[in-house]
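Okay, here's what each chain looks like letter by letter:
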Amino acid sequence: MRSLAAAAGIATSWTDAAGQGHSVNPDTLRALLAVLGLQADSPAQIRESLDQVTALPPPRPDAAAGPRCFGLDAALGQPGRPPRAWGVTAQLYGLRRSGDPGCGDTTALAGLARSLGKAGACCLGVSPVHALFGADPHRWSPYAPSSRLFLNELIIDPDDIAGPAETAQALDALGLAARARAAAAAPLVDWPEVAAVKRAVIDHLLKAHGARLAADAGWQAFRAARDRALDDHAVFEVLDARFREQGLTGGWPTWPQAFRNPRSPSVANMAKGAAEAVDRARLRQWLAFRGLAGAQSAATDAGMGVGLIADLAIGVDGSGAQSWSERTGILNGAGIGAPPDLFNPLGQNWGLAAPSPRVMLETGCAGFRQMLDATLAAAGGIRIDHVLGLMRLWLIPDGAAASEGAYLRYPLAEMLDVVADVSQRRRAVVIGEDLGTVPEGFRQVLAARGLMGTRVLWFERDGTDGFRAPEAWEDGITATTTTHDLPTTAGWWRGLDIAWRERLSLFGPGETAALAQETRTRDRTRLWTAFTNAGTATGPEPAPDTPAPVIDAALDFLGRSRAPLVLAPLEDLIGLDDQPNLPGTIHEHPNWRRRMPAPLPGLVATPAVVRRVGRVKGGREKGVTRG
């Protein structure tokens, strides 16, 4: 069975972040073979499955040779000159603006882009805005989308339909004005409440203005470009809402059999009978796209060479719109996750459906190309989340622990060809999130193809476990203090991430909060020493409850690094304590709900933010000596 698994692209062993080897147990191999449609319960079945595998076209070798992505130097109009650029990353849903009904939208995003562009930023990285489940607002993680081909309709600013006066009239007419004000004032996004208010208002306005919008040339071009994919998504949204009202809350796998195939007569008849609802679902997608394109235009008009950097999630929910419309291209029976590592010793199960590597090879990665094009339709760059997924994915059989998975191989060379082709055609830069357990040589392959890797301050250590000096950081990467899954600089300095892990019992075997705090105490001293040596900090080490000078020094420190692009998280520019997401939790921590403490544009005009932007820019201008 192990030989069959290896031939099918399933790794029979793996090495963890500490260099320890592990063998995959037979039950995991058998379950994953079944997910791939290969039976292995008897010698005869294994022989038959081997015949199936050997008949498939093999992937090309994972060589570094091949077309390169569009470069940051070219995007900034300085081809051949090593960039020393900077940008900001933000969670779109957390942005505030005057008059919003409880979550960030494309108008707030455009405002932030204008402010940062005028300050000299070249880009603004945005959390994923993929389509979620319109009929189930309790599923709000941006990394567990219903579809990566379309957008989350809650990023729409209702004012874009007919102006703020009509939005206000609609809220009053629907009796929702007070609820909208309360949602807007809350410190956390109340997703079910925001969804109820925004969807009601948007649909109310579409009933009055839908005909006018449908005559817009922009809508007609969008409709023609998205074609059947848009129809499928709109029909899914209407079907999902109807079946959830009937108690079928598990997505399309729980629907009546006649509706599980998007090409069935039952689906066609329903779409005809619910034509108005389907039309509104289509129009909502265009409004979301139009708003996002407006934010991209605001960014470039303000001087950003790249503009928005969109985020491509690693997978989709197996019960959502994309897996319904692309049944043969999605694997069922296993979820994507990650093996145990230093920050997540229990491993992670993200509950996402994986694409079929066989279908990718058979179709020339057509579905992957379509997703890249959709993601870059209103952006100047893309961040590919968990870019290791282009080479392999950690698949966990349904019902198994996160540690009981195995790696499945993907056609890396073919997928990188597509990434490079779309990048050049769209003139878009590409960032790969290459953190975690990274195979030897993988980063070199990405660099040879022009994908910028990701380096995080907490992980950049030297041989003595001290923090790597700025001049020792790599070329060809993006440098950042933290990510959405890691503590903010203030939170790290205070040890709040350790407190959360203790509270929620997220420590692995042999770990305790006391040991973690001891290590953090030593690391604070190491970090401050690195800042002092680099000249970004002076004086004694600040107390754990005084993170402000640490944030300032950290941003200056990154600015001086060799990285061509430094990305400053908005949370650090403002000095927030709490991270957007805590891996290993769902509702125990307020994941993907935290809002900014003040509305734009005032939020980024505060003395602290202006000072920290100046520290990033100052670090970029000082530069480093390149060897």
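Rules of the game
Residues numbered from 1 in each chain as written. Predicted model: local features only at pLDDT ≥ 70, side-chain atom pairs only at ≥ 80, totals over all residues. Heavy atoms only, no water. Helix = DSSP H or I, 4+ residues; strand = E, 2+ residues; numbered from the N terminus. Rg over C-alpha atoms; globule rule 2.2 N^0.38 Å. Buried < 20%, exposed > 50% of the residue type's maximum accessible area, 1.4 Å probe, protein only. Contact = heavy atoms within 4.5 Å. Areas by Shrake-Rupley, 256 points an atom, 1.4 Å probe, with all protein chains shown as cover. Pairing = 2+ DSSP bridges. Axes fitted to C-alpha atoms, helices over the stretch in contact; angles between N-to-C directions. Salt bridge = Lys/Arg side-chain N within 4 Å of Asp/Glu carboxyl O. Expected span 1.5 Å × (residues − 1). Arc of directions from axis to C-beta. Parallel < 35°, antiparallel > 145°, perpendicular 65-115°, else oblique. Left-handed = near helix turned anticlockwise from the far one by under 90°. Nonpolar A, V, L, I, M, F, W, Y, C, P; charged D, E, K, R; others polar. 1 Å grid on protein atoms, 1.4 Å probe; cavity = no way out; pocket = protein on both sides within 12 Å on 5 of 7 lines; lining within 4 Å. Points joined across faces, edges and corners; volume = space filled by probe spheres on them.

### Let's talk about the overall build of the protein chain
The number of helices and strands found in the protein chain is 23 helices and 16 strands. A globule of 627 residues ought to have a C-alpha radius of gyration of about 25 Å, and the protein chain, at 24 Å, matches this closely. Overall, the C-alpha framework of the protein chain stretches about 75 × 70 × 50 Å when taken along its three principal axes. Residues classed as buried in the protein chain amount to 56% of the 627 residues present. Look at the contacts in the protein chain between residues 6 or more apart in sequence, and 75% of them connect residues 24 or more apart. For the protein chain, the computed accessible surface area is about 24400 Å², with 54% contributed by carbon and sulfur atoms.

### Quick notes on the sheet that holds strand S12 (residues 406–409)
Reading across from one edge, S9-S8-S11-S12 is the order of the 4 strands in this open sheet, with antiparallel pairing throughout. Both edges of this open sheet fall to strand S9 (348–352) and S12, since each of them pairs with a single strand only. Taking the axes of each pair of neighbouring strands and ignoring which way they run, one obtains an average angle of 50° across the sheet. The pairing of strand S8 (residues 334–338) with S9 spans 3 bridges and is antiparallel. Looking across to S9, one finds that Gly337 is bridged to Asn349.

### As for the environment of Gln169
By secondary structure assignment, the location of Gln169 is in helix H7 (residues 164–174). With a relative accessible area of 52%, Gln169 lands in the exposed category. Sequence separation between Gln169 and Ala534 is 365 residues; the distance between their C-alpha atoms is 57 Å.

### Here's the deal with the pattern of salt bridges
Between side chains of opposite charge, a pair can form as their charged atoms come close. All chains considered together, the criterion is met by 40 salt bridges. In this structure, Glu362 and Arg358 form a salt bridge, with 3.0 Å as the shortest nitrogen-oxygen distance. Of this pair, Glu362 and Arg358 both sit in helix H14 (residues 357–363), separated by 4 residues, roughly a single helical turn. For Glu362, a relative accessible area of 46% puts it in the partly exposed group. Here the salt bridges do not stand alone but share partners, grouping Glu153, Arg199, Asp203 and Arg284 into one network.

### A few points about helix H20 (residues 513–534)
Here H20 spans 31 Å end to end across 22 residues, near enough to the 32 Å set by a 1.5 Å rise per residue. Within H20, burial applies to Ala513, Ala516, Arg520, Asp523, Arg524, Leu527, Trp528, Ala530 and Phe531. Buried residues of H20 fall within an arc of 150° about the axis and therefore sit on the same side. Close packing links the buried residues of H20 with helix H18 (489–494), helix H19 (496–503) and helix H21 (548–559).

### Digging into the packing of H20 against H21
Packing of H20 against H21 leaves a shortest axis separation of 10 Å and a crossing angle of 55°. One way to sum up the angle between H20 and H21 is to call them oblique. Between H20 and H21 lies a crossing of left-handed hand. Contacts between H20 and H21 involve Leu527, Trp528, Ala530, Phe531 and Ala534 from the former and Pro549, Val550, Ala553, Ala554 and Phe557 from the latter. Residues that form the contact of H20 with H21 fall into these classes: 10 nonpolar, no polar and no charged.

### Some points on empty space enclosed by the protein
In total, this model carries 9 cavities of 30 Å³ or more according to the counting rule given. Of the pockets and cavities examined, the largest cavity occupies roughly 380 Å³. Elements represented by at least two residues in the lining of the largest cavity include exactly strand S3 (85–90), strand S4 (123–126), strand S7 (307–312), strand S15 (477–480) and strand S16 (565–569). Split by residue class, the lining of the largest cavity holds 9 nonpolar, 11 polar and 3 charged.

### A short note on the environment of Pro339
Of note, Pro339 is situated in the loop between S8 and S9. Given the relative accessible area of 5%, Pro339 is considered buried. The sequence separation of Pro339 and Asp16 amounts to 323 residues, and the corresponding C-alpha distance is 7.5 Å. Those residues in contact with Pro339, other than ones at most four positions away along the chain, are Trp14, Asn344, Gly347, Trp394, Tyr407 and Thr437.

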